[in-house]
Amino acid sequence: MGFQRFFGIFALLVSISTGVIYAQAGPLPTTAVIIIDKDRVLSETKYGQRLSSEMRRMELAQIEDNTRLSRELEQEEAYLTELRATLSSDEFRSLANEFDTKVQRISDEQQSKNQNRIDQRRQDQLQLFAATGPVFEQLMRDTGASVILELSFALIWNDAINMTDVAIQRIDTFLGDGTNRILLDQE
């Protein structure tokens, strides 16, 4: 077993133990239903914040790429406009068609990159919630809950059963920013 894997497993066990100790130390209500705000879990946990930061870097890189491509295409279009006076209409039409094809190809590629980024975001969110399963299971045991409802599906509730703050704290203890989990999954 590699040192990284051993250290990752050790850190995971310590995190689980810490979560159990925390669960025993904090008074939680006994309830059949608990409420979790999924959006807050995604935006306020260290794991979710890391994912958002990575996604923002990807977005900024694509914006920069789009800006660069737009400038290049504008320059090429200006060059074609200058050439128009020196070319026959057939020659110009051929170059214009090539340019239009190039613009469409670039547009399709950029849309594909954008869709891939959206798909990656969904996948990251699914992985975060899959990784948090043990935290939510322990939270259910600690409160006696039989079900967890997502906040957006609840109409009226007693705020005492909203366990989002507790869940965020436990997820941060259990997973941190998720990079240790990534290392474990890759080995």
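Reading guide: rules and limits
Residues numbered from 1 in each chain as written. Predicted model: local features only at pLDDT ≥ 70, side-chain atom pairs only at ≥ 80, totals over all residues. Heavy atoms only, no water. Core = buried A, V, L, I, M, F, W, Y, C linked by side-chain atoms within 4.5 Å. Buried < 20%, exposed > 50% of the residue type's maximum accessible area, 1.4 Å probe, protein only. Helix = DSSP H or I, 4+ residues; strand = E, 2+ residues; numbered from the N terminus. Contact = heavy atoms within 4.5 Å. Phe/Tyr/Trp six-rings, centres within 6.5 Å; stacked < 30°, edge-to-face > 60°. Lys NZ or Arg CZ within 6 Å of the ring centre and 35° of its normal. Axes fitted to C-alpha atoms, helices over the stretch in contact; angles between N-to-C directions. Parallel < 35°, antiparallel > 145°, perpendicular 65-115°, else oblique. Nonpolar A, V, L, I, M, F, W, Y, C, P; charged D, E, K, R; others polar. Salt bridge = Lys/Arg side-chain N within 4 Å of Asp/Glu carboxyl O.

**Examining the nonpolar core**
By size, the foremost hydrophobic cluster in this structure holds 19 residues, and its most contacted members are Ile36, Leu139 and Ile171. Among the elements of the structure, β1 (33-36), α2 (38-44), α3 (46-83), α4 (89-131), α5 (133-143) and α6 (164-175) are those that each provide at least two residues to this core. By residue number, the principal contributor to this core is α6, which donates 6 residues. Among all residues touching Leu139, those that are not within four sequence positions of it are Leu28, Ile34, Ile36, Met163, Val166, Ala167 and Arg170. In terms of nonpolar packing, the next biggest core, distinct from the first, is built from 7 residues, Leu69, Phe92, Ala96 and Phe99 among them.

**Some thoughts on the packing of aromatic side chains**
Using the criterion set out here, one finds 0 aromatic pairs in the structure. Positioned above the aromatic ring of Tyr47 is the side chain of Arg50, whose terminal nitrogen or guanidinium carbon lies 5.1 Å from the ring centre.

**Things to note about the packing of α4 against α5**
The contact between α4 and α5 brings their axes to 4 Å, and the two run at 40 degrees. Considering the angle they form, α4 stands oblique to α5. Mapping the contact onto sequence places Phe129, Ala130 and Ala131 in α4 and Gly133, Pro134 and Phe136 in α5. Split by residue class, the contact of α4 with α5 holds 5 nonpolar, 1 polar and no charged.

**Points about the pattern of salt bridges**
Within this structure, the stated rule accounts for 13 salt bridges. Residue Glu59 pairs with Arg117 through a salt bridge whose shortest N-O separation is 4.0 Å. With a gap of 58 residues between them, Glu59 in helix α3 and Arg117 in helix α4 connect regions that are remote in the sequence. Residue Glu59 is classed as partly exposed on the basis of its relative accessible area, which comes to 24%. Residues Arg68 and Asp65 are paired through a salt bridge, measuring 2.4 Å at the closest nitrogen-oxygen approach. Here Asp65 and Arg68 lie together in helix α3, a separation of 3 residues that amounts to about one turn.

Just geometry here; none of it tells us what the structure is for.
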